[in-house]
Amino acid sequence: MKKQSPSSMAPDRPLLTVVLALLVLAGMVLLAVRPSGEDEGRSPEEPPRSAADEEEAPPPAVGDPDGLTVVDPAHVAGAGEAELSYDGAIPASVTYPVIPNAEPLSDFLERELGAEVRAFEAASPGAVSFEAEWSLTAAHGGLVGVRMTRVETDSEGPREGYTTYWYDTATAEHHPSTALIAGQRELERLNDLVRETAVTADGPPGAVDTAVLHPISSLYDSMGFNPAGDLVVEFDAGQVAPASAGRAYAVVDAPTAGELLSDLGARVRDAATVGVERFEIAAPPLADKDGQREGRPPGHLAAVDEGVDCSDPDTRCVALTYDDGPGGRTPELLDVLAEYDARATFFVTGYPVMEHPHTVRRAYAEGHEIANHTLDHPDLARMSPDAVRANLETVQALVYRETGYTMDLMRPPYGSTNETVAEVTADMGLAQILWSVDTNDWRDRKTPVVSSRAVEGASDGAIILMHDIHGTTIDATRSIVSELDARGYTMVTVSQLLGSTTPGEVYTTGTPDTPEGEPEETGENV
Ligand code: ZN
């Protein structure tokens with residue numbers, strides 16, 4: 001409605017002013033009593049439908065058997081859209097739905113999509129543009145499913161990707177797609193099924209690289225149901241198959257999928273398998289939890305194993321840390337760690353992450369901690385605060401996009417830090433992790449030497465520094481891990497060893513009774 005400007009009313013004609021005001025008021029009342037949604041293409045003579053009508057004779061759901069159910073937004077009362085305002089360096093054209101009485105959904109999407117564009121820009125040196133548009137895949141039973149289709153364009157061209165979010169109109173909770181699955185074990189089973197059945201839209205049979213599929217949130221971020229109630233899992237172009245193969249997806253039949261679903265997943269399936277003629281959110285959410293959902297959905301893995309307590313005097317914990325990778329042979333290291341059920345921390349550097357993204361994904365999926373070791377290994381103590389921040393943010397974004405994990409530890413290259421680095425890392429939520437044992441494996445490329453320094457240097461609470469980009473270090477893994485295991489050590493992540501850490505603070509050891517000291521002076525290539 002157009003607002004009256006004060007100058008349009010003549011102050012010397014009070015009667016006209018009153019009449020005008022009454023007319024405006026009457027107009028507002030008329031607008032208010034008009035059923036919302038009438039202006040969404042419904043003819044005025046058609047009687048408004050109640051929810052009960054919908055229950056009695058649900059029309060069939062609409063959509064492709066290989067895709068998610070499609071709901072026409074014109075059948076959702078008052079549905080409109082908003083455009084994201086983005087002030088970064090690349091053009092972003094992103095729309096998201098706005099539905100009356102579902103404000104928390106729009107607020108969440110605005111935040112989430114803004115963060116997505118920022119992460120794309122930060123992680124991609126060749127970022128050109130970001131576009132995204134929304135569609136609805138369910139609107140029934142108090143649930144709304146929003147599927148975002150985005151096109152990220154960088155120096156290698158455009159790539160299409162998908163994310164599907166689920167919103168409960170009564171509680172205002174929003175859920176990622178992995179919340180449709182009952183738990184991590186069920187997500188692992190789903191991952192096994194997807195490995196057997198995934199195909200691509202445009203690629204040859206077998207285009208999907210099953211080895212890069214892991215049960216983590218960044219991969220399983222677009223799930224829903226086709227009109228028959230089969231679970232549809234879809235992956236971004238280039239994520240698990242060559243980008244030229246297009247959308248990769250798997251369809252898990254309804255009975256098999258049914259065993260894997262959470263309560264929410266079963267509700268979503270019921271909502272996505274009926275056609276929608278009219279959906280209206282009658283009232284604002286009962287409990288606005290401001291987007292908070294309780295518990296961690298499947299696919300979001302902790303860097304801490306709740307079954308291990310390093311503060312227990314009978315548990316001797318040691319943290320193996322690997323810097324500068326991932327390298328081409330890091331998967332061999334992961335094989336050995338898995339064999340001994342050992343955990344490690346990988347302080348990854350940006351360009352190797354771009355080169356070996358699947359290795360980062362795998363390390364995360366197998367319970368190891370991923371931590372930030374800068375984009376290109378500079379001496380942070382010689383840089384401006386903005387440069388330090390930009391450098392670290394790129395790696396935060398890279399790892400987040402690959403795994404869905406937000407790192408909270410970093411290691412300054414060469415162990416070189418100062419007040420500026422402390423301030424920036426404090427602001428970014430990153431604790432600074434140095435080490436208590438230096439194997440000098442970058443200098444002494446001899447497997448027995450690396451192995452004996454790691455093993456003999458180990459003590460309860462030790463943080464052992466190595467580099468997984470050196471073959472001699474990879475070759476030393478088995479003897480290090482088997483010997484530490486034989487000596488009764490539990491190999492844990494740094495976060496497990498230290499417990500909670502304070503961003504910006506420097507840590508060199510997890511030994512509780514030893515005052516923190518400067519690490520032993522070392523050479524260049526930490
Ligand atoms: Zn390093």
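Look above for the structure.
Predicted model, so just to flag it, every value in this text is computed and none were measured.

Mind showing me how you'd approach the overall build of the chain here?
Looking only at helices and strands, the chain features 14 helices and 19 strands. Classification of the 526 residues of the chain by burial places 50% in the buried group. For the chain, the proportion of contacts with a sequence separation of at least 24, taken over those separated by at least 6, is 72%. Of the roughly 23800 Å² of accessible surface on the chain, a fraction of 51% belongs to carbon and sulfur atoms.

What exactly am I supposed to notice about the pattern of salt bridges here?
Where charged atoms from two side chains of opposite charge approach closely, those side chains can pair. Scanning all chains against the criterion turns up 24 salt bridges. Taking the shortest distance from any N to any O, the salt bridge between Glu 152 and Arg 401 comes out at 2.9 Å. Placement of Glu 152 in strand 4 (residues 143-154) and of Arg 401 in helix 10 (residues 385-403) is noted, with a sequence separation of 249 residues between them. For Glu 152, a relative accessible area of 8% puts it in the buried group. Take Arg 401: its relative accessible area is 28%, and that puts it in the partly exposed class. Here Glu 456 and Arg 487 are joined by a salt bridge, their closest N and O atoms 3.2 Å apart. Here Arg 487 lies in the loop between helix 13 (471-486) and strand 18 (489-491) and Glu 456 lies in helix 12 (residues 447-457), a separation of 31 residues in the sequence. Here Arg 487 falls in the partly exposed class, since its relative accessible area comes to 34%.

Looking at this structure, I do not really get the state of the cysteines. What am I missing?
Such a bond, covalent and formed between the sulfur atoms of two cysteines, is termed a disulfide. Tallied over the entire structure, the rule returns one disulfide. There is a disulfide in this structure between Cys 310 and Cys 317, and the S-S distance comes to 2.1 Å. Residues Cys 310 and Cys 317 are joined by a disulfide whose S-S torsion is about -95 degrees; by sign, that bridge is left-handed. Note on accessibility: Cys 310 and Cys 317 belong to one class, buried.

When you look at the packing of helix 3 (residues 103-123) against helix 10 in this model, what are you seeing that I'm missing?
Between two packed helices, the angle of one axis relative to the other and the distance separating the axes together describe the packing. Following both chains from N to C, one finds helix 3 and helix 10 inclined at 115 degrees, their axes separated by 8 Å at the closest point. The element helix 3 and its partner helix 10 pack so that their crossing is left-handed. Along its contact with helix 3, which presents Glu 112, Ala 119, Phe 120, Ala 122 and Ala 123, the element helix 10 presents Glu 393, Thr 394, Ala 397, Leu 398, Tyr 400 and Arg 401. When grouped by side-chain class, the residues that make up the contact of helix 3 with helix 10 number seven nonpolar, one polar and three charged.

Would you mind going over the packing of aromatic side chains with me for this structure?
Pairs of aromatic rings are described using the distance from one ring centre to the other and the angle between the two planes. Following the criterion strictly, the structure yields five aromatic pairs and no others. Here the aromatic rings of Tyr 322 and Phe 346 are separated by 5.6 Å at their centres, their planes lie at 25 degrees, and the arrangement is stacked. Taken together, the residues span a long stretch of sequence, with Tyr 322 in strand 11 (residues 316-323) and Phe 346 in strand 12 (residues 344-348) at a distance of 24 residues. Phe 346 matches Tyr 322 in its accessibility class, with the two residues each being buried. Pairing Tyr 364 with Tyr 405 gives two aromatic rings, centres 5.5 Å apart and planes at 35 degrees, and the pair type is tilted. Placement of Tyr 364 in helix 9 (residues 357-365) and of Tyr 405 in the loop between helix 10 and strand 14 (409-410) is noted, with a sequence separation of 41 residues between them. Tyr 364 sits in the buried class, given a relative accessible area of 3%. It is Arg 316 that lies over the ring of Tyr 489; its NZ or CZ is 4.3 Å from the centre. Lying across the ring of Phe 347, Arg 411 places its NZ or CZ 4.1 Å from the centre.

Please clarify how the sheet that holds strand 5 (residues 157-168) should be interpreted in this entry.
The strands that make up a sheet are held in pairs by hydrogen bonds between backbone atoms, and each pair lies either parallel or antiparallel. In space, the six strands of this open sheet follow the order 1-2-3-4-5-6, with mixed pairing throughout. Only two strands of the sheet have a single partner each, and these edge strands are strand 1 (80-83) and strand 6 (174-175). Summarising the sheet, strand 4 and strand 5 pair through 12 bridges and their orientation is antiparallel. Bridge pairing links Met 148 to Thr 163 in strand 5. Together, strand 2 (92-98), strand 3 (129-140), strand 4, strand 5 and strand 6 form the strand contacts of helix 3, whose direction differs from that of strand 2 by roughly 160 degrees. Contacts between helix 6 (residues 263-272) and the sheet are confined to strand 3, strand 4, strand 5 and strand 6, with strand 3 contributing the most and set at about 85 degrees to the helix.

When you look at the side chain of Thr 163 in this model, what are you seeing that I'm missing?
Along the chain, the position of Thr 163 falls in strand 5. A polar side-chain atom of Thr 163 sits 2.9 Å from a polar atom in the side chain of Arg 150. Those residues in contact with Thr 163 that lie beyond four places of it in its chain are Glu 116, Val 146, Arg 147, Met 148, Arg 150, Asp 221 and Ser 222.

How should I be thinking about a negative patch on the surface in this particular structure?
On the surface, a cluster of negative charge is made up of Glu 81, Glu 83, Glu 131, Glu 133 and Glu 160. Listing elements by their share of the negative patch, those giving two or more residues are strand 1 and strand 3. Residue placement: Glu 133 occurs in strand 3. A residue is classified by how much of its surface remains accessible, and Glu 133, at 54% relative accessible area, is exposed.

Can you help me understand the pairing of strand 12 in this one?
Consecutive side chains of a regular strand alternate in pointing toward one face of the sheet and then the other. For strand 12, the tally of buried residues reaches five of five residues, placing the bulk of the element in the interior. Relative to strand 12, strand 11 runs parallel, the two being bridged by four bridges. Pairing of Tyr 322 across the sheet is with Phe 346, part of strand 12. For the handedness criterion, the β-α-β arrangement of strand 11, helix 7 (residues 330-339) and strand 12 is classed as right-handed. Here four bridges tie strand 12 to strand 13 (residues 369-372), and the two strands are oriented parallel to one another. Residue Thr 345 lies in a different strand from strand 13, and its bridge partner there is Glu 369.

Conventions and cut-offs
Residues numbered from 1 in each chain as written. Predicted model: local features only at pLDDT ≥ 70, side-chain atom pairs only at ≥ 80, totals over all residues. Heavy atoms only, no water. Helix = DSSP H or I, 4+ residues; strand = E, 2+ residues; numbered from the N terminus. Buried < 20%, exposed > 50% of the residue type's maximum accessible area, 1.4 Å probe, protein only. Contact = heavy atoms within 4.5 Å. Areas by Shrake-Rupley, 256 points an atom, 1.4 Å probe, with all protein chains shown as cover. Salt bridge = Lys/Arg side-chain N within 4 Å of Asp/Glu carboxyl O. Disulfide = S-S within 2.5 Å. Axes fitted to C-alpha atoms, helices over the stretch in contact; angles between N-to-C directions. Left-handed = near helix turned anticlockwise from the far one by under 90°. Nonpolar A, V, L, I, M, F, W, Y, C, P; charged D, E, K, R; others polar. Phe/Tyr/Trp six-rings, centres within 6.5 Å; stacked < 30°, edge-to-face > 60°. Lys NZ or Arg CZ within 6 Å of the ring centre and 35° of its normal. Pairing = 2+ DSSP bridges. Polar contact = N/O pair within 3.5 Å; in protein donor to acceptor, adjacent residues only side chain to side chain. Patch = residues over 30% accessible without salt bridge, like charges linked within 9 Å, V, L, I, M, F, W, Y side chains within 5 Å. Lys, Arg positive; Asp, Glu negative; His and termini not counted. Charge placed at Lys NZ, Arg CZ, Asp CG, Glu CD. Right-handed = clockwise from strand over helix to strand, strands pointing away.

The values reported here are purely geometric and, on their own, carry no functional implication.
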